[in-house]
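Take a look at the letters that make up each chain.
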Amino acid sequence: MNEPNPVIIFETLNAFQRTGALKAAIELKVFTALGAGPLDANSLATACGTSVRGMRILCDYLTVIGFLEKAHAAYSLTPTAAVFLDQNSPHYMGSVAGFVAADEIMDTYRDVTGAVRHGGTLLPGGGSTHVDFSLWVEFAKTMAPMMKPAADFIANLVAEKHAGSRLRVLDVAAGHGMFGITIAEQMPDAEIVAQDYQRVLAVAEQNADIAGVQDRYTLLPGDAMSVDFGSDYDFILLTNFLHHFGVDTCNTLLKKVRFALKPQGAVILLDFIPNEDRVSPPTAATFALTMLMSTDQGDAYTFAEYKQMLTAAGFSNNQMVDVPNSPSRLVISSNA
Ligand SMILES: Nc1ncnc2c1ncn2[C@@H]1O[C@H](CSCC[C@H]([NH3+])C(=O)O)[C@@H](O)[C@H]1O
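Under an unreviewed UniProt entry, the protein has the name 3-hydroxy-5-methyl-1-naphthoate 3-O-methyltransferase and belongs to Novipirellula caenicola.

Structure below.
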């Protein structure tokens, strides 16, 4: 297993091909075309409006990397592609390519060398922490399906512990809003305050309307660092937010969160949290590179690091759990 092997070098240097191929298949709706059953390259090319040669080569590539299966020249969907990449599936998440593989994001990877030398993003003004970072609306419009398992998991936890009670929940940096909205869907008495930039909250507001929870959904636009959160919350959600900032900013924000909670309240923190070795599990551990490329000081913090920040902010009871079907972990912190 530890024999020297150059294949990983070739595969890693051309890994951009995988991104391009999957993005193309999503754009061309290849997976949706295969939703009704197997098709060969000719029929797929007609269905998707492409050349036959292009479709044959794309589909062979997608078969090699595990999104399609091939039998007697006909392609069919693997279970993952069927559930997540066919637009007719309720779990469709092809939209996430619009953020994860956006040109603006991919362009930053042209100069990893520079970011490593510099120790932070080469994007202007702190990259994704800049108030005008253009991609947050795109994130809100595209990333909700990816967060669904974690949103369900959090809402179930909250509902199990607090069935029937009137809850006040603050969703900090709400984005698409699905974390708060899912709690509101499960708990008819829960009131949600969604906090984010105004332009992003427009997307969350629309999602709250669609979910039919708009009567219990209030918007709190502005910068999370300076806006007044209000008080007496039972839960404050900090999902995929702290990783953008350095430890000092996280400490300041967590203290502000502690102050806005009821004495028995809890903060629910969802994030990419690697093990203490920082190299496992893979998705959480490699997320640190995403933060290097897009922020000045962000990181994939370990549980020990989060515990230190949370303890400093006055949270004495900190528990971490893995989220099923998600690379994320949940930290629930309270004083109780
Ligand atoms: N300073 C800030 N104040 C409020 N929101 C911010 C700030 N900086 C970034 N954001 C928002 O932080 C979000 C990060 S993405 C996370 C969205 C959502 N909580 C989720 O877990 O999927 C984006 O919606 C940004 O608009």
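Right, picking up where we left off after that structure.
### Topic: the side chain of Thr108
Tracing the backbone through its elements, the reader meets Thr108 in helix α8 (residues 103-108). A distance of 2.6 Å separates the side chain of Thr108 from the backbone oxygen of Ile105, its partner in a polar contact. If near-sequence neighbours (up to four positions away) are discounted, Thr108 is found in contact with Leu123 and Met293.

### Some thoughts on a nonpolar patch on the surface
Judged by side-chain polarity, Ile8, Ile9 and Leu13 come together as a nonpolar surface patch covering roughly 350 Å² of accessible area. What makes Leu13 exposed here is its relative accessible area of 66%.

### A few points about the UniProt feature "domain: O-methyltransferase dimerisation" (unreviewed entry) in the protein
Taking the numbering used here, the UniProt-annotated feature "domain: O-methyltransferase dimerisation" (unreviewed entry) corresponds to residues 11-85. Here residues 11-85 is 61% helix and 13% strand, with 24 Å between the C-alpha atoms at its ends.

### Let's talk about the UniProt feature "domain: O-methyltransferase C-terminal" (unreviewed entry) in the protein
Per the UniProt record, "domain: O-methyltransferase C-terminal" (unreviewed entry) is annotated on residues 164-316. Taken end to end, residues 164-316 is 39% helix and 22% strand, and its two terminal C-alpha atoms sit 27 Å from one another.

Reading the values: rules and limits
- Residues numbered from 1 in each chain as written.
- Predicted model: local features only at pLDDT ≥ 70, side-chain atom pairs only at ≥ 80, totals over all residues.
- Heavy atoms only, no water.
- Helix = DSSP H or I, 4+ residues; strand = E, 2+ residues; numbered from the N terminus.
- Polar contact = N/O pair within 3.5 Å; in protein donor to acceptor, adjacent residues only side chain to side chain.
- Contact = heavy atoms within 4.5 Å.
- Patch = residues over 30% accessible without salt bridge, like charges linked within 9 Å, V, L, I, M, F, W, Y side chains within 5 Å.
- Areas by Shrake-Rupley, 256 points an atom, 1.4 Å probe, with all protein chains shown as cover.
- Salt bridge = Lys/Arg side-chain N within 4 Å of Asp/Glu carboxyl O.
- Buried < 20%, exposed > 50% of the residue type's maximum accessible area, 1.4 Å probe, protein only.
- UniProt positions renumbered as here; feature names shortened; annotations may be inferred.

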